[in-house]
Amino acid sequence: MPRPTDIGVIDLMMGIPKGPGDDSWRRFLGAQLRDQESRETYRFPAEYMYKSLPDQRFSADGAAAVLGEMDRFGVERGMITVSFDDELAVAALKDHPQRFLGAFPVDPNAGMEGVRALRRAVEELGVVAASAMPSGLNPPVPINDKRFYPLYAACVDLDIPIFVCAGVPGPRIPFAAQEVALIDEVCWYFPELRFVTRHGCEPWVDLAVKLLLKWPNLYYSTSAFAPKYYPRQILDFANTRGADKVLYAGYFPMGLSLERIFTELDDLPLHDDVWEKFLRTNALRVLGLDRGGMA
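Residues numbered from 1 in each chain as written. Predicted model: local features only at pLDDT ≥ 70, side-chain atom pairs only at ≥ 80, totals over all residues. Heavy atoms only, no water.

1. Brief notes about the nonpolar core
Phase 1 of the analysis: Judged by nonpolar contacts, the single largest core of 103 residues is most densely connected at F100, Y152, F195, Y248 and F278.
Phase 2 of the analysis: Contact partners of Y152, with chain neighbours within four places excluded, come to I143, I162, V186, F190, L193 and F195. (Core = buried A, V, L, I, M, F, W, Y, C linked by side-chain atoms within 4.5 Å. Buried < 20%, exposed > 50% of the residue type's maximum accessible area, 1.4 Å probe, protein only. Contact = heavy atoms within 4.5 Å.)

Below you can see the structure in the form of structure tokens.
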């Protein structure tokens, strides 16, 4: 079935551009970047993988640049990373509460201060999720490391999901902290935790599918992948036993344009009854928004 065009899409990975010359990603990855291209010339942490970056990534128009494309392609709401020191993202969430959803980036290395910051973000910023890039932290923290556990417990207590990068990262940093096998222990220890993977789970996609089938509160989002590169195993899973477990997430304006994403989505071989779940209702359920009249 062709992609329905009357669904108000929920995009679970978007961003607010910080203007030309933004290199906040380089400061985040910091000392982990050792190759010359990453440290000196790249405009994007995995530029070797993304040859044509969206113009909006470098726009000085901030939220307006993103909202224009959202309107053009039928994206009703987009999840953005929001931290207390990111004035543009905080303003976007405050000024457009019906269009943007906030995810707060957590750092297990901060101990209880990090847990308190997450609670403050829910209370003061209204974020609806936590997020983490285990390999990108300084130092890296494996997905199942005890330093993560207070944050996982806080997510359960706050009734919010956590979105976690899993698989080999795009930036040229070690992958060990993001091995997909590590998720198994977390789901066992925190059965109430809604855990959503980001960025593909490669090269352990087969294992990811097994874990998705095994653990009721484990989900997969398609962030950072152009649709024509979605793993075949994930599409097969979505069309069969995993229709409620696979969630749409883009990568705009960080590395992919919405034009490319939605053009390629039109060729995605999803079954008739999967499209709305994939583009909207799975996200609403995982975020708990189906309880607030958005469904």
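2. Here's the deal with the pattern of salt bridges
Phase 1 of the analysis: In this structure the tally under the stated criterion is 19 salt bridges.
Phase 2 of the analysis: Salt-bridge contacts for E124 lead to R120; the nearest nitrogen and oxygen are separated by 3.4 Å. You can see E124 and its partner R120 sitting in helix α5 (residues 112-125), four residues apart, about one turn around the helix.
Phase 3 of the analysis: Across the pair K277 and D244 runs a salt bridge whose closest N-O atoms are separated by 3.0 Å. Of this pair, K277 sits in helix α11 (residues 275-287) while D244 sits in the loop between α9 (232-238) and β8 (246-247), and the two are 33 residues apart along the sequence. (Salt bridge = Lys/Arg side-chain N within 4 Å of Asp/Glu carboxyl O. Helix = DSSP H or I, 4+ residues; strand = E, 2+ residues; numbered from the N terminus.)

3. Concerning the side chain of S131
Phase 1 of the analysis: By the secondary structure assignment, S131 is in strand β4 (residues 129-132).
Phase 2 of the analysis: What makes S131 buried here is its relative accessible area of 5%.
Phase 3 of the analysis: The residues contacting S131, other than those within four sequence positions of it, are A103, F104, P105, V106, I162, F163 and R198.

4. Structural notes on the packing of aromatic side chains
Phase 1 of the analysis: Here the structure, examined in full by the defined rule, presents 18 aromatic pairs.
Phase 2 of the analysis: With a centroid separation of 5.7 Å and 20° between ring planes, the pair formed by F73 and F262 is classed as stacked. Of this pair, F73 sits in helix α3 (residues 63-73) while F262 sits in helix α10 (residues 258-265), and the two are 189 residues apart along the sequence. The pair formed by F73 and F262 is uniform in burial state, with each residue classed as buried.
Phase 3 of the analysis: An aromatic cluster of at least three residues, connected via ring pairs, comprises F148, Y149, Y152, W188, Y189, F190 and F195.
Phase 4 of the analysis: The ring of F84 has R120 sitting right over it, with the charged end atom 4.1 Å from the ring centre.
Phase 5 of the analysis: A cation over an aromatic ring shows up here: K245 above the ring of Y219, its NZ or CZ 5.0 Å from the ring centre. (Phe/Tyr/Trp six-rings, centres within 6.5 Å; stacked < 30°, edge-to-face > 60°. Lys NZ or Arg CZ within 6 Å of the ring centre and 35° of its normal.)

5. Some thoughts on the sheet that holds β4
Phase 1 of the analysis: With parallel pairing, the eight strands of this open sheet are ordered in space as β1-β2-β3-β4-β5-β6-β7-β8. In the strand order of this sheet, the two ends are held by β1 (9-14) and β8, each with one partner.
Phase 2 of the analysis: Both β1 and strand β2 (residues 75-81) contribute to a ladder of four bridges, which runs parallel. Residue pairing across strands places D11 opposite G78, the latter belonging to β2. (Pairing = 2+ DSSP bridges.)

6. A look at the pairing of strand β6 (residues 195-198)
Phase 1 of the analysis: Both faces of β6 are covered, namely the face carrying F195 and T197 and the face carrying V196 and R198.
Phase 2 of the analysis: Bridge count between strand β5 (residues 162-165) and β6: four bridges; the pairing is parallel. Considered in β6, the bridge of I162 is made with F195.
Phase 3 of the analysis: Between β5 and its parallel partner β6, the chain crosses via helix α7 (residues 182-189), and the hand of that crossover is right-handed.
Phase 4 of the analysis: By the bridge criterion, three bridges tie β6 to strand β7 (residues 218-221) in an arrangement that is parallel. Across the sheet, the residue bridging to T197 is Y220, located in β7.
Phase 5 of the analysis: For the crossover from β6 across helix α8 (residues 205-214) to β7, the handedness is right-handed. (Right-handed = clockwise from strand over helix to strand, strands pointing away.)

7. Some points on the pairing of β4
Phase 1 of the analysis: Covered by surrounding structure in β4 are A129 and S131 together with A130 and A132, the residues of both alternating faces.
Phase 2 of the analysis: For strand β3 (residues 100-105) and β4, the ladder comprises three bridges, and the chain directions are parallel. Following the sheet pairing, P105 is matched in β4 by S131.
Phase 3 of the analysis: Regarding the hand of the β-α-β motif, the stretch spanning β3, α5 and β4 is right-handed.
Phase 4 of the analysis: Where β4 and β5 come together, three bridges link them in parallel fashion. Bridge assignment links A130 to a residue of β5, and that residue is I162.
Phase 5 of the analysis: Once the chain exits β4 it traverses helix α6 (residues 149-158) before rejoining the sheet at β5, and the crossover so formed is right-handed.

8. Here we look at the UniProt feature "domain: Amidohydrolase-related" (unreviewed entry) in the protein chain
Phase 1 of the analysis: Mapped onto the present numbering, the UniProt feature "domain: Amidohydrolase-related" (unreviewed entry) falls at residues 46-289.
Phase 2 of the analysis: The annotated region residues 46-289 carries 37% helix and 13% strand content, and the separation between its end C-alpha atoms amounts to 32 Å. (UniProt positions renumbered as here; feature names shortened; annotations may be inferred.)

9. Side note on empty space enclosed by the protein
Phase 1 of the analysis: Going through the model one piece at a time under the given rule, you end up with one cavity of 30 Å³ or more.
Phase 2 of the analysis: A volume near 40 Å³ is recorded for the largest cavity.
Phase 3 of the analysis: Lining the largest cavity are T222, Y230, I234, L235, A238, V246, L268, L270 and F278.
Phase 4 of the analysis: By residue number, the principal contributor to the lining of the largest cavity is α9, which donates three residues.
Phase 5 of the analysis: Taken together, the residues of the lining of the largest cavity break down into eight nonpolar, one polar and no charged. (1 Å grid on protein atoms, 1.4 Å probe; cavity = no way out; pocket = protein on both sides within 12 Å on 5 of 7 lines; lining within 4 Å. Points joined across faces, edges and corners; volume = space filled by probe spheres on them. Nonpolar A, V, L, I, M, F, W, Y, C, P; charged D, E, K, R; others polar.)

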